[in-house]
Amino acid sequence: MAKVGIADTTFARYDMGKAAIDEIKRNSSVKIERYTVPGIKDLPVACKKLIDERHCDIVMALGMPGSKPVDKTCAHEASMGIIICQLMTNKHIIEVFVHEDEAPDGRELAALMDKRAREHALNVVRLLFDQRSLERQAGTGQRQGYEDVGPARI
Ligand SMILES: Cc1nc2c(=O)[nH]c(=O)nc-2n(C[C@H](O)[C@H](O)[C@H](O)CO)c1C
């Protein structure tokens with residue numbers, strides 16, 4: 001049975017890990033391994049441990065960079081770590097970050113975090129079991145959490 005790793009943080013203001021797990025369970029039969037860390041800079045090693053020690057086939061890294069400049073720097077550093085981890089392990093890590101300032105208030109932030117986590121959870125299921133469905137979506141302007149923007153036309 002395929003195994004999906006869920007790495008998430010306590011810094012985030014919404015439980016994106018729970019939303020992702022719910023969506024994955026609704027759409028597949030996989031085993032889930034969850035690993036919660038304090039913040040996004042702790043995600044790369046959590047992802048690596050999920051892959052190396054808990055034998056996950058694919059991992060979601062869910063987090064919320066805050067709105068201050070130092071948080072943006074943190075997010076960039078965390079992303080670099082996540083990319084390095086993918087190259088070290090040769091496994092996909094789907095990074096699901098929602099920046100706190102993407103939404104005007106807590107209510108919209110929570111809705112965005114829920115939607116982006118769920119839509120990327122579906123991408124994880126597609127990557128595992130139906131890569132052709134992603135191929136069919138190539139160039140279609142998909143957006144996770146927002147309305148899709150659609151293809152540009154010549
Ligand atoms: C400045 C800062 N900003 C964020 C953030 O925007 N989002 C987040 O999830 N975590 C942040 N952290 C915490 C670090 O990612 C990390 O948890 C600590 O430095 C401990 O390793 C820090 C230190």
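Model, not experiment: these values are computed from the prediction.

Q: Can you lay out the site of the ligand for me, pointing to particular residues and giving the numbers?
A: Taken together, Phe11, Pro38, Gly39, Ile40, Lys41, Asp42, Met64, Pro65, Gly66, Val70, Asp71 and Cys74 make up the full set of residues adjacent to the ligand. Contact distances for the ligand include 3.2 Å between a nitrogen atom and a backbone N or O atom of Met64. Across the complex, the protein chains shield 70% of the 480 Å² of accessible surface that the ligand would expose by itself. Of the residues assigned to the shell around the ligand, the class counts are 7 nonpolar, 2 polar and 3 charged.

Q: Outline unusual backbone geometry, supporting the account with residue identities and numerical values.
A: Positive phi is not limited to glycine here, since His55 has a value of about 60°. By secondary structure assignment, the location of His55 is in the loop between helix 2 (43-52) and strand 3 (58-63). Located in the positive-phi region is Asn90, a residue other than glycine, with phi close to 60°. Classification of Asn90 as exposed rests on a relative accessible area of 73%.

Q: I'd love a proper account of the pattern of salt bridges, names of residues and values included.
A: Overall, the coordinates contain 17 salt bridges when judged by the stated rule. Linking Asp101 and Lys72 is a salt bridge whose minimum nitrogen-to-oxygen distance equals 3.0 Å. Taken together, the positions of Asp101 in the loop between strand 4 (93-97) and helix 4 (106-129) and Lys72 in helix 3 (residues 69-89) put the pair 29 residues apart, joining distant regions of the chain. Assessed through its relative accessible area of 43%, Asp101 is described here as partly exposed. Classification of Lys72 by relative accessible area gives partly exposed; the value is 31%. Members of the salt-bridge network, linked through shared partners, are Asp22, Glu23, Arg26, Asp114 and Arg118.

Quick notes on the rules
Residues numbered from 1 in each chain as written. Predicted model: local features only at pLDDT ≥ 70, side-chain atom pairs only at ≥ 80, totals over all residues. Heavy atoms only, no water. Near = heavy atom within 4 Å. Polar contact = N/O pair within 3.5 Å; in protein donor to acceptor, adjacent residues only side chain to side chain. Areas by Shrake-Rupley, 256 points an atom, 1.4 Å probe, with all protein chains shown as cover. Nonpolar A, V, L, I, M, F, W, Y, C, P; charged D, E, K, R; others polar. Helix = DSSP H or I, 4+ residues; strand = E, 2+ residues; numbered from the N terminus. Buried < 20%, exposed > 50% of the residue type's maximum accessible area, 1.4 Å probe, protein only. Salt bridge = Lys/Arg side-chain N within 4 Å of Asp/Glu carboxyl O.

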